[in-house]
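# Per-entry structural report
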Amino acid sequence: MLLLSSRAQHTTMTREEIGNGSEDMVIDECEPEGRERNSVPDEFNANYLKVYYGKLFPHADIFKWISYGNDGKHPACDQSYFSRREFSYTLDNDIYLRYQSFNSASELENSIKEKCPFKIDIGPVYSVDPAKRHAYAQTGDNVFTPVERELVFDIDITDYDDVRYCCSGADVCLDCWPLMTVAIKVIDTSLRDDFGFNHILWVFSGRRGVHCWVCDGKARRLTNEQRASIAEYFRVYKGNENSLKKVSFTGLALHPFLARSYSEVLKDFFKSKLLLSQKLFSTEERYEKILEMIPDESITSELRGKWQENKRSSISKEDTNVVRWQQLKHILQSGRPKAQGLRRCVEEIVFSFTYPRLDMEVSKHMNHLLKAPFCVHPKTGRVCVPIDPNCCEEFDPTAVPTLSKLLEEMNMGTLRADVDNEWDRTSLGKSIRFFRSSFLQPLLKSCKEEIENSYNAKLQHSKNSMSW
Amino acid sequence: MEIYGYQRKALHSDAISTLPLYRSAPPLDVRLEDFELFAIDRLRVLKGISDGLSRGKKPEEIDNLAKDLWKANMRHPEASEVVNKDIISHFVLRLVYCRTEDLRKWFLSMETALFRYRFRLESAEAQRALMAEFDLPYKAVSNSEFESMKDNLGQVARSIGQPLTPADTKFYTVPFEEVPELVAGRRVFVHKGHAYVAMNQVVSLVATQFRSHLSKALILTNRKWTSSIREQEKDRLTPIVEALCTSYLGPDYSEPREFAEISIRDIDQIAMSSFPLCMRHLFEKLREDHHLKHGGRMQLGLFLKGVGLKLDDALAFWKAEFSQKVGAERFDKEYAYSIRHNYGREGKRTDYTPFSCQKIISSTPGVGDHHGCPYRHFSEENLRAALGKMRVNSRAVEDVMDKVRNRHYQLACTLTFEAVHGTSCDAGINHPNQYFSESQKVVQSKVSI
């Protein structure tokens, strides 16, 4: 328990805890005024990380999650399950360690604390302990191969660079982040309503995107082909430098999944948020990009004519973007009989800008590694915290706690007798509590039931086969 | 009561399918003549379907074609023997068509098409029984459930351009992971983990199962044939089996034709007049770059062999090109061997056969490759330019592009042939060497006039 009465005492205690950094550096980090003198980035460094893994990272929760109920307490537990899971570490200096595996929670915890990896990835559960993989063949019966892996998705805002004007590259702001929010809503709804999955964890990737972990047993046992089929079901945008129109709806109607996404999420988001935050029609370059998606010269020249005129006389009080979108919609959706390519042009435009863009390769392969939740992003220092899909509009990527902030909170927090965990004094507490109540507990309950049911079924079966 | 019972029994047996799955060879006695005759009759059906498919007939037309062919050829004076004829003829043809990859592929496609047509005709009960045989975990959707789902199901159908008709009320549910292709294409309604599959989609899935079972069976049959049957039956069945095959498959162009003995002097001119687009493209690229990657060397090299280019001429031809890029010495060291290999003069001395259209179409050229079928792999722009260079008129170009869009690549090539030569080609193009020989026929006939 840290007793914080004077600064000097505080400094000494911290120094003891960390123990391996240079003394000068330690003192500097603790004093806010001294920060400007540092050449180390404010948000992230190895020493902070050491403290983080020592006091804040939820080792036990990660273990419980990844064990999926196989904690040895029930006779039907698979004792080898946790040790067949691959973890990988990215250490300082980009040293990469694959096929790490552990036999217990404490082994995992000690390893992380000792190696202090800048990034931890979670891989699949293999047929045998990855540490023993060289003893097994690649083909045939006695094989080293993935047998279980969460269904995962990775959405990165840089994949939307061609449709966001506020930022580019690694930056993200509150004008473009809502694209991620929309992606979460569309995919989460479909995973639950269409595919029947229940145990879904959404995580901030630490800088500019989100990851999704679908952890139902059925999801973990999907083959690569089945994963690919779900990813394809979600794919709409088929971008390529040569095609002008990257979204194309040719049928007589939209598939119910797309129709629902449009009417419940995308249409409104485009009209009320994106149109304005990205000023999609405000310059010629920007509106030309949209006009390119309309395969009808007469319509595009009509609109172009209107808007070129409009530039000179902007008397209207209404926002230009709103006005122009209305005009475009009116022409495309008015009574005129529509040529084939125009029937769903408005939807195509909305989808081009707003519909989720997934990284297909991440989802298709069981052996794809994905960063673990609660890691810290080395470039931003932000923690990869879970996101609640039910109120994802409230999530602010620029307000996610950073490593340095957490350590500050930890050190300056007042003494609280009712707090068991260090993280509860910090803004990380909220995230961990959410992780437990919304995700971990329901998941473990369901896993236990599954284990018990299959155990009872086996017992019943052997009883039956023994009956006279 | 008894009479009623008897009648009911008769009705029940009608519901049982007469569509065999050909799981195992039946323990029947077959007369030697029937062995051959039954097989020939079935082959007429399969060949007829094959012709229909390569002419790009629509599925409904194929159905009618299959129906007529079956009726005409697969009858038997004794009604009870009809099913036996069906089964026996299938198993005899397995022996005939198991022996090479191309034969197996053809047989699989035709038998699957035939199966698909016959499955569609079966009663709902019979279809369910067949699906159960394949271990497909489908549950029929009750009328009440259908009513509640109707809007969504209708919407999915419209989204894939196959709107439901009042007759389309048969739907099945299956766990979504059982139908990955349908899910990937958003061709089914998915709800709470269940996919709602329409009848015509079920047919596809059953047909896929049928095909995969048959494919495995053919491999096993081939093994048995080569290891024991062929030798055991060398005085009785083997000659029949071997004759059946060669009489019904088109020439494979492994023996060069006399009239097409081309010399390297004329080759440029002949390429312009008689090569199909795929080979023209490779040929031009070879002239341009003085190099072709492996896929291109195989495709063009074997084609030239089939066209009548002798080994020595071939070596001279390739050397003349390649040495401009890699030097004569390197050519001799690295490339000459594989040319001789293609002609069966090296290694295991297999005399490789030139690639058929089917094989070329299914290849996957990568970066820097120029092989494959241009109708499949070229962008629209490039294809139009290539056809323009071949002096195909704009009306014909549009027809060709239409075929390409519908993925009828061989028909596109046939139309190109017709436009370039000003004659019709009823047989349809199945093989680049066929294009060449047909073309030469036209060219020669014009010359002799």
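Now for a description of the structure that goes with this document. Keep in mind that this is a model prediction, so the values were computed, not measured.

The probe, sized like a water molecule, is rolled over the atoms to show the empty space still left. Residue and element names in this part refer to chain B. Applying the stated criterion across every chain yields a total of six cavities of 30 Å³ or more. Its volume calculated, the second largest cavity comes out at about 100 Å³. Elements with a contribution of two residues or more to the lining of the second largest cavity: α16 (357-361) and α20 (409-421). Looking at the lining of the second largest cavity residue by residue, the classes come out as eleven nonpolar, one polar and no charged.

Attention now goes to the packing of aromatic side chains. For the coordinates displayed, the defined rule picks out 59 aromatic pairs over all chains. With centroids separated by 5.9 Å and ring planes inclined at 5 degrees, the aromatic side chains of Phe283 of chain B and Phe317 of chain B adopt a geometry described as stacked. On the criterion of sequence distance, the pair formed by Phe283 of chain B in helix α12 (residues 277-289) and Phe317 of chain B in helix α14 (residues 311-326) is long-range, its members being 34 residues apart. Assessed through its relative accessible area of 2%, Phe283 of chain B is described here as buried. Note on Phe317 of chain B: relative accessible area 3%, which makes it buried. The ring of Tyr237 of chain A is capped by Arg357 of chain A, whose NZ or CZ atom sits 3.8 Å from the centre of that ring. Here the guanidinium or amino end of Arg118 of chain B rests over the ring plane of Trp70 of chain B, the centre of that ring lying 4.0 Å away.

A few words on the nonpolar core. The nonpolar side chains of a soluble globular protein tend to be buried, and buried together. Within the largest apolar cluster, 188 residues are counted, with the highest numbers of intra-cluster contacts made by Tyr52, Trp65, Phe197 and Phe234 of chain A. Take this core: its biggest share by element is ten residues, from helix α5 (residues 101-121) of chain B. Sequence-distant contacts of Tyr52 of chain A, that is, excluding residues within four places in its chain, are made with Phe57, Phe374, Val376, Val383, Leu403, Leu406 and Leu428 of chain A. Judged by nonpolar contacts, the second largest core, of 55 residues, contains Phe331, Ile361, Val392 and Val397 of chain B.

Residue and element names in this part refer to chain A. By secondary structure assignment, the location of Gly429 is in helix α16 (residues 428-466). Taking the C-alpha atoms as reference, Gly429 lies 9.0 Å from Leu56; in sequence the two are 373 residues apart. Filtering out sequence-adjacent residues up to four positions away, Gly429 remains in contact with Trp423 and Asp424.

Attention now moves to the sheet that holds strand β3 (residues 189-191) of chain B. Residue and element names in this part refer to chain B. Pairing is antiparallel across the open sheet formed by four strands, whose spatial order is β1-β2-β4-β3. Looking along the sheet, the strands with just one partner apiece sit at the ends: β1 (139-140) and β3. Where β3 meets strand β4 (residues 194-198), three bridges bridge the pair, whose relative direction is antiparallel. Across the sheet, the residue bridging to His191 is His194, located in β4.

Attention now moves to the pairing of strand β7 (residues 209-214) of chain A. Successive residues of a regular strand alternate their side chains across the two faces of the sheet. Residue and element names in this part refer to chain A. Of all the six residues making up β7, six are buried; the element is thus mostly covered by neighbouring parts of the structure. Residue alternation in β7 divides its side chains into two sets, Gly209, His211 and Trp213 and Val210, Cys212 and Val214, and both sets are buried. The pairing of strand β5 (residues 151-156) with β7 spans six bridges and is classified as antiparallel. Bridge assignment links Asp154 to a residue of β7, and that residue is His211. Between strand β6 (residues 200-204) and β7, which follow one another and run antiparallel, lie four residues, and Gly206 among them has a positive phi close to 105 degrees.

Reading the values: the criteria
- Residues numbered from 1 in each chain as written.
- Chains lettered and ligands numbered in written order.
- Predicted model: local features only at pLDDT ≥ 70, side-chain atom pairs only at ≥ 80, totals over all residues.
- Heavy atoms only, no water.
- 1 Å grid on protein atoms, 1.4 Å probe; cavity = no way out; pocket = protein on both sides within 12 Å on 5 of 7 lines; lining within 4 Å.
- Points joined across faces, edges and corners; volume = space filled by probe spheres on them.
- Helix = DSSP H or I, 4+ residues; strand = E, 2+ residues; numbered from the N terminus.
- Nonpolar A, V, L, I, M, F, W, Y, C, P; charged D, E, K, R; others polar.
- Phe/Tyr/Trp six-rings, centres within 6.5 Å; stacked < 30°, edge-to-face > 60°.
- Buried < 20%, exposed > 50% of the residue type's maximum accessible area, 1.4 Å probe, protein only.
- Lys NZ or Arg CZ within 6 Å of the ring centre and 35° of its normal.
- Core = buried A, V, L, I, M, F, W, Y, C linked by side-chain atoms within 4.5 Å.
- Contact = heavy atoms within 4.5 Å.
- Pairing = 2+ DSSP bridges.

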